[in-house]
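# Chain and residue survey
Listed below are the residues making up each chain.
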Amino acid sequence: MQITLENLVRTYSASSSTAKDVHAVQNVSLSIPSNSIYGIIGKSGAGKSTLVRLISLLEKPDSGQVLYDGQRVDTLSGKNLIQRRRHIGMIFQSFNLFSSRTAAQNVAYPLEICGTNPTVIKERVAELLELVGLADRGNSPVSQLSGGQKQRVAIARALANKPDILFC
């Protein structure tokens, strides 16, 4: 899926009258071809996280456009936004796993909320846990996993719905 950004702008308003507005993203335009890996690098405070949040539809730009395969997606809302997000995988630095669920239940979660057949869920979870080297840890509570194992559960969960785009 090709991602195109056209003149993206995102400014955060100052929280007090003495602070200045933060211009996190200013007129960013770029094209990321399908089936490619792109990295965003820069100094602390350069706007990397904000740019990824805009591209991944977690935030809306103040102006500009985000397009997936030529279709504008930054203006989506409601059910259309939810539907689009189901085709996006996200791996966060802080895992964001459910502590009340096992490793397998965490991987199953995105499939459950999409209404996937339980038999299909079970097969997909087993496949993904095998892929990330945790086939023997599916029934383990998250609290019993190491940091690296938690990150691999998060990776498996991000891949569960076979996303078109994966943000890490």
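Refer to the structure above for everything that follows.
This text gives an overview of the structure that appears in the document. Everything numeric in this text was worked out from a predicted model, so none of it was measured.

### Considerations on the sheet that holds strand β4 (residues 71–72)
One open sheet accounts for four strands, arranged β2-β1-β3-β4; its pairing is antiparallel. Both edges of this open sheet fall to β2 (22–32) and β4, since each of them pairs with a single strand only. The sheet contact formed by strand β1 (residues 3–12) and β2 spans seven bridges and is antiparallel. Each bridged residue has a counterpart across the sheet, and for T11 the counterpart in β2 is H23. Sitting on the sheet, helix α1 (residues 48–55) is in contact with β1, β2 and β3 (63–68), with an inclination near 125° to β1.

### Some thoughts on the environment of V52
With respect to the element layout, V52 can be found in helix α1. Look at V52 and you get partly exposed, because its relative accessible area is 27%.

### Details of the side chain of N106
By the secondary structure assignment, N106 is in helix α3 (residues 103–113). Look at N106 and you get buried, because its relative accessible area is 0%. The contact partners of N106, leaving out residues within four places of it in the chain, are L97, F98, R101, V142, V153 and R157.

### Notes on the side chain of R157
Locating R157 in the fold gives a position in helix α5 (residues 147–159). Despite being buried, R157 has no salt bridge partner; E112 is the closest side chain of opposite charge, sitting 11 Å away. A distance of 2.9 Å separates a polar atom in the side chain of R157 from the backbone oxygen of N96. In this view, R157 contacts F95, N96, L97, N106, V107 and P110; residues no more than four positions away in its chain are not counted.

### Regarding the pattern of salt bridges
By the definition in use, this model includes six salt bridges. D74 is the salt-bridge partner of R72, the closest N and O atoms lying 2.9 Å from each other. Looking at R72, the relative accessible area reads 38%, which means it is partly exposed. In this structure, R101 and E112 form a salt bridge, with 2.9 Å as the shortest nitrogen-oxygen distance. Within this pair, whereas R101 is found in the loop between β5 (88–90) and α3, its partner E112 is found in helix α3, the two being separated by 11 residues in sequence.

### Examining the environment of I32
With respect to the element layout, I32 can be found in strand β2. I32 sits in the buried class, given a relative accessible area of 14%. Residues I32 and Q2, spaced 30 residues apart in sequence, show a C-alpha to C-alpha distance of 5.7 Å. When near neighbours in sequence (up to four residues on either side) are disregarded, I32 contacts M1, Q2, I3 and Y38.

Parameters at a glance
Residues numbered from 1 in each chain as written. Predicted model: local features only at pLDDT ≥ 70, side-chain atom pairs only at ≥ 80, totals over all residues. Heavy atoms only, no water. Pairing = 2+ DSSP bridges. Helix = DSSP H or I, 4+ residues; strand = E, 2+ residues; numbered from the N terminus. Contact = heavy atoms within 4.5 Å. Axes fitted to C-alpha atoms, helices over the stretch in contact; angles between N-to-C directions. Buried < 20%, exposed > 50% of the residue type's maximum accessible area, 1.4 Å probe, protein only. Lys, Arg positive; Asp, Glu negative; His and termini not counted. Salt bridge = Lys/Arg side-chain N within 4 Å of Asp/Glu carboxyl O. Polar contact = N/O pair within 3.5 Å; in protein donor to acceptor, adjacent residues only side chain to side chain.

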